[in-house]
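As a plain string of letters, each chain reads:
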Amino acid sequence: MEITNVTEYEAVAKEKLPKMVFDYYASGAEDQWTLGENKFAFSRILFRPRILIDVSKIDMTTTVLGFKISMPIMIAPTAMQKMAHPEGEYATARAASAAGTIMTLSSWATSSVEEVASTGPGIRFFQLYVYKDRKVVAQLVRRAERAGFKAIALTVDTPRLGRREADIKNRFTLPPFLTLKNFEGLDLGKMDMSNDSGLASYVAGQIDRSLSWKDVKWLQTITKLPILVKGVLTAEDTRLAVQAGAAGIIVSNHGARQLDYVPATIMALEEVVKAAQGRVPVFLDGGVRRGTDVFKALALGASGIFIGRPVVFSLAAEGEAGVRKVLQMLHDEFELSMALSGCRSLNEITRNHIMTDWDHPRPASRL
């Protein structure tokens, strides 16, 4: 089957991957309402295209934290990529570099920061979970810095792991031939079998539930790297993140894997953008499957978007070539969306280019 869009990779990945692995990547928390909503909510935003504009030249380049990239489409942190393909994070890093965009490496990667750095040049961010043992955290941040990573994406929505029922049913654990490579040698790289989800047990044992805003300040004392706060969904937390010195905000609901019945990230985006008041860039993570989705996010004020599941599904299907293809398809679809909307550069994309069903609430029907 010829793959013509990003979504089609999911079915291929389902065929190729063991059930435990596919379910880990694909599933969400509890009823999985937010999982569906993350994608569906984009369909509630329609275009208001402008016509008769010379779109013979379109510039999609942008800068993120001062780094120039080819398009506002970046790679989100997704854990344990060698479960999808033997090349894992190496393949993803090379694909991102070839596309001229940013890869974010997960703390729970199956390749270390040093190994990913060894794949060659590229702009890379490091996603951080804060462990109870702060010496481990400080050591990891220093390693990421030394390996040339350019920012820390601090995940703040995981004091405990969401209830992912597929992982409980499957007794999910990291396959025995893999380790969480960044923690090898610290006796934290392996995941024990459990009578429910091995990952949930690992998180319960290792991740610091006391994490608070003061820890964002603490991180700034141990690194010069800019800190992006990942997992913000409200105006209130946006203002606190700015006060705490965050360099940027990632609107994320953890791929709908934490608290179910939170809004889709695209629904939460505008509230966060308004609260940020232009003081820091705001990025969107969650549900993007089309170039039209990218355009809609930028029209609502995002400075860029991150993709997660499309990367692991395409990695499972076709390795590095699959990830390259996903990035290329989204690039091409986004460029076409810009052209057909009458936008020649990212700063021409405005709120006026879209309308949402929450702009014009329908009157309640009478019974």
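With an unreviewed UniProt entry as reference, the protein chain is termed (S)-2-hydroxy-acid oxidase, source organism Tetracentron sinense. According to the UniProt record, the Cofactor (unreviewed entry) comment for the protein chain reads "FMN". Listed in UniProt under the heading Pathway (unreviewed entry), the comment for the protein chain reads: "Photosynthesis; photorespiration; glycine from 2-phosphoglycolate: step 2/3."

Colleague: Looking at this structure, I do not really get empty space enclosed by the protein. What am I missing?
Modeller: Rolled over the atoms, a probe sized like a water molecule indicates the empty space that remains. For the structure on display, the rule yields one cavity of 30 Å³ or more. There is about 50 Å³ of room inside the largest cavity. Lining the largest cavity are Val6, Thr7, Tyr9, Glu10, Arg289, Arg309, Pro310 and Phe313. Mapped by element, the contributors of at least two residues to the lining of the largest cavity are helix H1 (9-16) and helix H13 (309-341).

Colleague: Quick question: what am I supposed to make of the layout of surface pockets here?
Modeller: One number sums up the size of the largest pocket: a volume of about 550 Å³. For the largest pocket, the lining is made up of 35 residues, of which Thr78, His254, Gly255, Arg257 and Arg309 are closest to its centre. Elements represented by at least two residues in the lining of the largest pocket include exactly helix H2 (19-26), helix H3 (33-40), strand S11 (304-307) and H13. Examining the composition of the lining of the largest pocket, we find that four residues originate from one element, H13, more than from any other. Taken as a whole, the second largest pocket spans an internal volume of roughly 410 Å³. Contributing elements (two or more residues each) for the lining of the second largest pocket: strand S7 (151-155), helix H9 (213-222) and strand S8 (227-232). Residue composition of the lining of the second largest pocket, grouped by class: 13 nonpolar, eight polar and three charged.

Colleague: Could you clarify how one ought to interpret helix H6 (residues 134-146) in this entry?
Modeller: Each full turn of the α-helix corresponds to 3.6 residues, which orients residues three or four apart in the same direction. Between the first and last C-alpha of H6 there are 18 Å, a value that for 13 residues agrees with the 18 Å anticipated at 1.5 Å per step. Buried residues of H6: Val136, Val137, Ala138, Leu140, Val141, Arg143 and Ala144, and no others. Looking at the packing, one finds that the buried side of H6 touches helix H5 (113-117), strand S6 (124-128), S7 and H9. Among the residues of H6, the N-terminal cap falls to Asp133, whose side-chain oxygen and the backbone nitrogen of Lys135 are separated by 3.0 Å.

Colleague: I would appreciate a short explanation of the nonpolar core in the present structure.
Modeller: The tendency in soluble globular proteins is for nonpolar side chains to be buried side by side. In terms of nonpolar packing, the biggest core is built from 105 residues, with Trp108, Leu128, Ile266 and Phe334 touching the most fellow members. No other element matches H13, which puts 13 residues into this core. For Phe334, the residues in contact, after removing those within four places along its chain, are Met60, Pro72, Ile73, Gly291, Val294, Phe295, Leu298, Leu346 and Ile349.

Colleague: What exactly am I supposed to notice about the packing of aromatic side chains here?
Modeller: The relation between two aromatic rings is expressed through the spacing of the ring centres and the mutual angle of the planes. All told, the structure shown has nine aromatic pairs when counted by the stated rule. Taking 5.6 Å as the distance between ring centres and 25 degrees as the angle between the ring planes, the aromatic pair formed by Phe22 and Phe313 counts as stacked. On the criterion of sequence distance, the pair formed by Phe22 in helix H2 and Phe313 in helix H13 is long-range, its members being 291 residues apart. No difference in accessibility class separates Phe22 from Phe313, as the two residues are buried. Seen in terms of ring centroids, Trp33 and Tyr261 are 5.5 Å apart; in terms of plane orientation they differ by 15 degrees. Their pairing is stacked. With a gap of 228 residues between them, Trp33 in helix H3 and Tyr261 in the loop between strand S9 (248-252) and helix H11 (265-276) connect regions that are remote in the sequence. For Trp33, a relative accessible area of 38% translates into the label partly exposed. According to the relative accessible area criterion, Tyr261 is partly exposed, its value standing at 49%. Pairwise contacts between aromatic rings join Tyr24, Tyr25 and Phe172 into one cluster. Seen from the ring of Trp218, Arg134 lies directly overhead, with NZ or CZ sitting 4.9 Å from the centre. Looking at Arg257, its charged tip hangs above the ring of Tyr24, at a distance of 4.7 Å from the centre.

About the thresholds
Residues numbered from 1 in each chain as written. Predicted model: local features only at pLDDT ≥ 70, side-chain atom pairs only at ≥ 80, totals over all residues. Heavy atoms only, no water. UniProt positions renumbered as here; feature names shortened; annotations may be inferred. 1 Å grid on protein atoms, 1.4 Å probe; cavity = no way out; pocket = protein on both sides within 12 Å on 5 of 7 lines; lining within 4 Å. Points joined across faces, edges and corners; volume = space filled by probe spheres on them. Helix = DSSP H or I, 4+ residues; strand = E, 2+ residues; numbered from the N terminus. Nonpolar A, V, L, I, M, F, W, Y, C, P; charged D, E, K, R; others polar. Expected span 1.5 Å × (residues − 1). Buried < 20%, exposed > 50% of the residue type's maximum accessible area, 1.4 Å probe, protein only. Contact = heavy atoms within 4.5 Å. Polar contact = N/O pair within 3.5 Å; in protein donor to acceptor, adjacent residues only side chain to side chain. Core = buried A, V, L, I, M, F, W, Y, C linked by side-chain atoms within 4.5 Å. Phe/Tyr/Trp six-rings, centres within 6.5 Å; stacked < 30°, edge-to-face > 60°. Lys NZ or Arg CZ within 6 Å of the ring centre and 35° of its normal.

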